[in-house]
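# Survey of secondary and tertiary structure
The lines below spell out each chain.
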Amino acid sequence: MAEKDTPESDRLEPFAHPRVVTALYGHQEAERALFEAFMGGRMHHAWLMTGPKGIGKATLAYRFARFILHYGTPEAARAAGARDLAVPAESAAAHQVAAGSHPNLLTVRRPWDDKTKKFKTVLPVDEVRRIGHFFGMTAGGAGGWRIVVIDAADDMNPNAANALLKALEEPPPQGLFLVLSHQPGRLLPTIRSRCRALAMKPLGAAEIVAAMTASEAGAVAAAEHEKSKYAGLKLKAGEAETIARLADGSAGRALAIAAGGGLALYKELAGLLSALPRLDIAGVHALADKAARRGADDAFETLGELLTLWLQRLIRAGAGLDPGPDIAAGEGAAMARLTDPARGGASLDRWVEVWEKIGQSIARGEALNTDRKLTVLNVFSMLEAVASERAGA
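A tally of helices and strands in the protein yields 17 helices and 7 strands. A compact globule built from 393 residues would reach a C-alpha radius of gyration of about 21 Å, and the protein, at 23 Å, matches this within 12%. With the C-alpha coordinates aligned to their principal axes, the bounding extent of the protein is approximately 70 × 45 × 40 Å. Taking all 393 residues of the protein together, the buried fraction comes to 49%. For the protein, the share of sequence-separated contacts (at least 6 apart) that also reach a separation of at least 24 residues comes to 74%. Entry remark: accessible area of the protein is about 18300 Å², with carbon and sulfur atoms responsible for 52%.

Among the nonpolar cores identified, the biggest contains 52 residues, and Leu307, Trp310, Trp351, Phe380 and Leu383 are the most heavily contacted of them. Broken down by element, the residue count for this core peaks at 9 residues, all from helix α14 (residues 297–318). Among all residues touching Trp310, those that are not within four sequence positions of it are Tyr266, Ala270, Leu273, Ser274, Glu331, Met335 and Leu338. Core analysis: the next-biggest nonpolar cluster, separate from the first, contains 38 residues, Leu24, Leu69, Val97 and Leu198 among them.

The next point concerns the pairing of strand β5 (residues 146–150). With 5 of 5 residues buried, β5 lies mostly within the body of the structure. Here β5 shows a buried face lined by Arg146, Val148 and Ile150 and a second buried face lined by Ile147 and Val149. Read as a crossover between parallel neighbours, the route from β5 over helix α6 (residues 158–169) to strand β6 (residues 175–181) is right-handed.

With that out of the way, let us pick up the environment of Leu273. Tracing the chain through its elements places Leu273 in helix α12 (residues 262–274). On a C-alpha basis, the gap between Leu273 and Ala291 in space is 16 Å, while along the polypeptide they are 18 residues apart. Ignoring any residue separated from it by four or fewer positions in sequence, one finds Leu273 in contact with Leu307, Trp310, Leu338, Phe380 and Leu383.

The 5 strands lie next to each other as β2-β5-β6-β1-β7, forming an open sheet whose pairing is parallel. A strand with exactly one partner marks an edge of an open sheet, and here the two such strands are β2 (105–108) and β7 (196–199). Averaged over all adjacent pairs, the angle separating strand axes in this sheet is 20°, with direction ignored.

Here we come to unusual backbone geometry. For the bond from Asp151 to Ala152, the omega torsion is 5°, close enough to zero to count as cis. Residue position: Ala152 is located in the loop between β5 and α6. A cis amide bond, omega 10°, links Leu276 with the succeeding residue Pro277. With respect to the secondary-structure elements, Pro277 resides in the loop between α12 and α13 (281–292). Phi angles above zero are rare outside glycine, and Gln174 is one such case at about 60°. Following the sequence through the fold, Gln174 ends up in the loop between α6 and β6.

In this section: the packing of aromatic side chains. For the structure shown, the criterion picks out 7 aromatic pairs. Here the aromatic cluster, defined as three or more aromatic residues joined through ring pairs, consists of Phe35, Phe38, Phe67, Tyr71 and Trp145.

Right, let's get into the pairing of strand β1 (residues 46–50). Here is the key point about a regular strand: its side chains alternate between the two faces of the sheet. Burial within β1 is extensive, with 5 of its 5 residues counted as buried. Of the two faces of β1, the one holding Ala46, Leu48 and Thr50 and the one holding Trp47 and Met49 are both buried throughout. With 5 bridges joining them, β1 and β6 adopt parallel strand pairing. Each residue of the ladder has a partner; that of Met49, found in β6, is Leu180. Two strands pair when backbone bridges link them, and β1 and β7 are joined in this way by 4 bridges, in the parallel orientation. Note on β7: the bridge partner recorded for Thr50 is Ala199.

Definitions and cut-offs
- Residues numbered from 1 in each chain as written.
- Predicted model: local features only at pLDDT ≥ 70, side-chain atom pairs only at ≥ 80, totals over all residues.
- Heavy atoms only, no water.
- Helix = DSSP H or I, 4+ residues; strand = E, 2+ residues; numbered from the N terminus.
- Rg over C-alpha atoms; globule rule 2.2 N^0.38 Å.
- Buried < 20%, exposed > 50% of the residue type's maximum accessible area, 1.4 Å probe, protein only.
- Contact = heavy atoms within 4.5 Å.
- Areas by Shrake-Rupley, 256 points an atom, 1.4 Å probe, with all protein chains shown as cover.
- Core = buried A, V, L, I, M, F, W, Y, C linked by side-chain atoms within 4.5 Å.
- Right-handed = clockwise from strand over helix to strand, strands pointing away.
- Pairing = 2+ DSSP bridges.
- Axes fitted to C-alpha atoms, helices over the stretch in contact; angles between N-to-C directions.
- Phe/Tyr/Trp six-rings, centres within 6.5 Å; stacked < 30°, edge-to-face > 60°.

Below, the structure written as structure tokens:
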């Protein structure tokens, strides 16, 4: 039920919304679990679909919704020879789901604030309360199914979480909840206990590459009114594979990196970090300016994710694990030096501590809309301090 011109918090711009995407990469086990539950008449009224952000949870949720709203009953699906959750492209249900106009499907997510021209920082209780009104309407066709997709439950404030719990406790007949969560441990235990858990794993590099290059192979169909989710990606030889390593199992992150020039941004970032404890002050300011310029929301978010990824690789190196091959020249050697106390590096505990503090600093900067350049400069200042305190620089 999306307004055509209203931004959507569960959509990665400029790509199409997951409800439009018909191809699913990976997650065969999760798809099979949903398919068999429906076909066997063992449908739980609520599924908690978990896994890292961007791996395809929403794509699978809408794929399942299309399937149910198209067939309605296991008997109809069997009669049509259905073997997975795919439905015919010409299906009326598929077109309505893609357009966000199917009367038996409700999406609950962080709303857009017209006053601030930004998304709400949390999913408020009023949005969750829409579920009661939705279930109060008569469902026409589709076997009487009414489906709610919550993307993502992690965003709920306490009042919203309690409202969802009440809805889960009193589900109507043929009512289905598809609850998406990137960090299910943050949800109320009572919410988790009322859902059937469906854990989804990060994608493999080959699956991410397939998703990124699908438009060139003509393997992705999109709704007639929207461009392909993967349209416009012009990748050079080998770039898809490199971005897949950066994406750490998330197709959504890979697409964001590819579309936003994230590979070049990562190499610039890694070059600055590899020189620690020395800092190229001019280079740091130039990078901060890119993330802070007007309209650079995606650049700031991507920079934060790339910085987090670099630090995760650094911590893996410090723990004696393989951080993976170099993406930027010399970064592996720099990670080894920075985490080796015998060579003047800081302890693993200190790097873990600064990684957590930086994550909190970036999240606070986004939530409070503080000066982005100052946030970036403070992050580099923290990194310089940790790298210097034991290196004697």
